[in-house]
Amino acid sequence: MVRSLMDVERIYGHIEHLSIHIGPRPKGSEGDKKAANYIHSYFESLGLKVWKQELEVDSVSLNNHKVEIIEPLLDEIPSYPILSSPNTPEAGLSGELMLVEGSKEPQLGPNVEDKIVLWSCTSRSSFKWETLLGYHPRAILAIWPSRGIKPKHYFSYDSLGASDPVPSFWITWEDGLRLLKAGVKKVRLYLRREWYKDTSCNIIAELKGNRYPDKIIVIGGHYDSVPDVPGATDNASGAAMVMELARVYAQRGSMRTLRFVAFAGEEGGLFGSTQYVKELSAQQGDKAHKIQPAKHLFYVNLDTLGTVLGFNSCYIAGPSEVKAVVEALSRELGVPHQIKEAINGSDNLPFTWGGIPNIALVRKGPVLESIHTEEDTVDLIDINQLKQIGKFIDTFLTRTAARAEVWPFERRIPEKLAKEAGDIRQRLDSKRRS
Ligand SMILES: [Zn+2]
């Protein structure tokens, strides 16, 4: 048995610091810089070799967003804009409100043209944005499909974006009902947001392997949050776990080199991890650099850990032996995992693109509804769950990276997953170009 040195109180303390004392940390923001400095000085205090990897990110500033009820004249209601949708004119965009239920004819058809659509669907996946946009509404107010929950901050309509967007907002279920009950006929909308290039940085701490220093295992989690959101579970929890693992291994040592990386700008673009893998690839064949992708054996992604009332899941992109090890370890430690050999869209994706096998640990369940909302606060974290998953990761790393005489996994990603990941990359690239 591996004796764990992990201290769950420290992990919790980092989560509190990142999500409460610093608060929202959208990429490129002041909060983002404070979080980067906090993690950087913590890594330095452990005596590890630490460096920053600067990178460019697409940032957005939300200057104004409002939904005003103008007929009958009432006040305004809170709105949650979809950030990839276009701005309204500065003076706002007003129009006639029209209720549409569902995404199918005849409720949804040419009659919506030039209307501001108040849109209700039974679940998030039943909002077919492309279909509605095809009928050219003037703007969209989509009613969040669950009661009692604030809508999520979304960068885009869905993972693919939409082709002909109009100013679009989520409003709460309760406000949707309020508009209907008041018989609202006209609204005026304001959306003024601005995209710009900004910088952020990955924070990297390295512990040199005492036997195989050229063999590198990366343990990472992003430290940014979406705008206005404390991001305690997504992903102060993962970043805090990376920090604690760095402390533990700085004491314990490792046969192989361990790199602890707090990734920048995962939300809305996987900017940090993409840059990390891109630089590795650029260094291939460049003899001046010692770190080449071939030396990167494995990646462990930590995103959203330790939440209450859920279940652990593990996404694997690697040879079948990885699955066998994760399964056996889950059983041995009594930390059950739902295990999938599938793609997960967090910072592990660029590693899959780079041909580096990886696992992504993520805790799922009902609290996922709170992610990317203002309700993603530290009270969603359960100390005992943190302890369990901490023990799991620590044991996995100790037995494979830190202490195994022979590294147990081939450096291979199944063809099917590599292709799936490649397709996602193509879609993302074409979206970025458009
Ligand atoms: Zn995340």
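The preceding data block contains the structure.
Residues numbered from 1 in each chain as written. Predicted model: local features only at pLDDT ≥ 70, side-chain atom pairs only at ≥ 80, totals over all residues. Heavy atoms only, no water.

Novice: Can you lay out the overall build of the protein chain for me, pointing to particular residues and giving the numbers?
Specialist: Looking only at helices and strands, the protein chain has 10 helices and 14 strands in total. Relative to a compact globule of 434 residues, whose C-alpha radius of gyration would be 22 Å, the protein chain shows 23 Å and is just as compact. The C-alpha extent of the protein chain, read off along each of the three principal axes, is 75 × 45 × 40 Å. The long-range fraction of contacts in the protein chain, counting pairs at least 24 apart against all pairs at least 6 apart in sequence, stands at 81%. Total accessible area on the protein chain stands at roughly 18200 Å², and carbon and sulfur atoms take up 51% of it. Between the mean site of the 54 positive side-chain charges and the mean site of the 55 negative ones, the protein chain shows a separation of 5 Å. (Helix = DSSP H or I, 4+ residues; strand = E, 2+ residues; numbered from the N terminus. Rg over C-alpha atoms; globule rule 2.2 N^0.38 Å. Contact = heavy atoms within 4.5 Å. Areas by Shrake-Rupley, 256 points an atom, 1.4 Å probe, with all protein chains shown as cover. Lys, Arg positive; Asp, Glu negative; His and termini not counted. Charge placed at Lys NZ, Arg CZ, Asp CG, Glu CD.)

Novice: Give me the lowdown on the packing of aromatic side chains, citing residues and values where you can.
Specialist: As enumerated under the stated definition, the model contains 16 aromatic pairs in all. With a centroid separation of 4.8 Å and 80° between ring planes, the pair formed by Trp144 and Trp170 is classed as edge-to-face. Of this pair, Trp144 sits in the loop between β6 (139–143) and β7 (168–171) while Trp170 sits in strand β7, and the two are 26 residues apart along the sequence. Accessibility expressed as a relative area gives 0% for Trp144, which makes it buried. The interplanar angle of 40° and the centroid separation of 6.0 Å between the aromatic rings of Phe298 and Phe396 together place this pair among those described as tilted. Of this pair, Phe298 sits in strand β11 (residues 296–302) while Phe396 sits in helix α9 (residues 383–402), placing them 98 residues apart in sequence. On the basis of relative accessible area, Phe298 is assigned to the buried category, the value being 1%. With a relative accessible area of 3%, Phe396 lands in the buried category. Here the aromatic cluster, defined as three or more aromatic residues joined through ring pairs, consists of Trp119, Phe127, Trp129, Trp144 and Trp170. It is Lys49 that lies over the ring of Trp51; its NZ or CZ is 4.9 Å from the centre. Here Arg252 stacks its cationic end above the ring of Tyr249, 4.9 Å away from the centre of that ring. (Phe/Tyr/Trp six-rings, centres within 6.5 Å; stacked < 30°, edge-to-face > 60°. Buried < 20%, exposed > 50% of the residue type's maximum accessible area, 1.4 Å probe, protein only. Lys NZ or Arg CZ within 6 Å of the ring centre and 35° of its normal.)

Novice: Account for unusual backbone geometry, naming residues and giving values.
Specialist: Glycine aside, a negative phi is what most residues show, and trans is what most peptide bonds show. Here Glu71 and Pro72 are connected by a cis peptide whose omega angle stands at -5°. Residue placement: Pro72 occurs in the loop between β1 (49–71) and β2 (73–77). Cis rather than trans, the peptide bond between Asp234 and Asn235 has omega equal to 5°. At Asp228, a position not held by glycine, the phi torsion is positive, near 70°. The topology assignment puts Asp228 in the loop between β9 (212–222) and α5 (232–252). One non-glycine residue, Leu270, lies in positive phi territory at about 50°. Tracing the chain through its elements places Leu270 in the loop between β10 (256–263) and α6 (271–283). For Leu270, a relative accessible area of 7% translates into the label buried.

Novice: Would you mind going over the side chain of Arg193 in detail, with residue names and values included?
Specialist: Assignment of secondary structure puts Arg193 in strand β8 (residues 186–207). At 8.5 Å, Glu194 is the nearest oppositely charged side chain to Arg193, a buried residue that forms no salt bridge. In this structure the side chain of Arg193 is engaged in a polar contact, spanning 3.0 Å, whose partner is the backbone oxygen of Leu83. Those residues within four positions of Arg193 in sequence are excluded, and the remaining contacts are Val60, Ser61, Leu62, Asn63, Leu83, Ser84, Ser85, Pro86 and Asn87. (Salt bridge = Lys/Arg side-chain N within 4 Å of Asp/Glu carboxyl O. Polar contact = N/O pair within 3.5 Å; in protein donor to acceptor, adjacent residues only side chain to side chain.)

Novice: Explain the pairing of β7 to me, using residue names and the numbers behind them.
Specialist: Side chains Ser168 and Trp170 project from β7 onto one buried face, and the interleaved Phe169 and Ile171 project onto a second face that is buried too. Pairing geometry for strand β3 (residues 80–81) and β7, over 2 bridges, is antiparallel. Counterpart to Tyr80 in the pairing with β7 is Trp170. As defined by bridge partners, β6 adjoins β7 across 4 bridges and the pair is classed as parallel. When the sheet's bridge partners are listed, Ile143 is paired in β7 with Ile171. (Pairing = 2+ DSSP bridges.)

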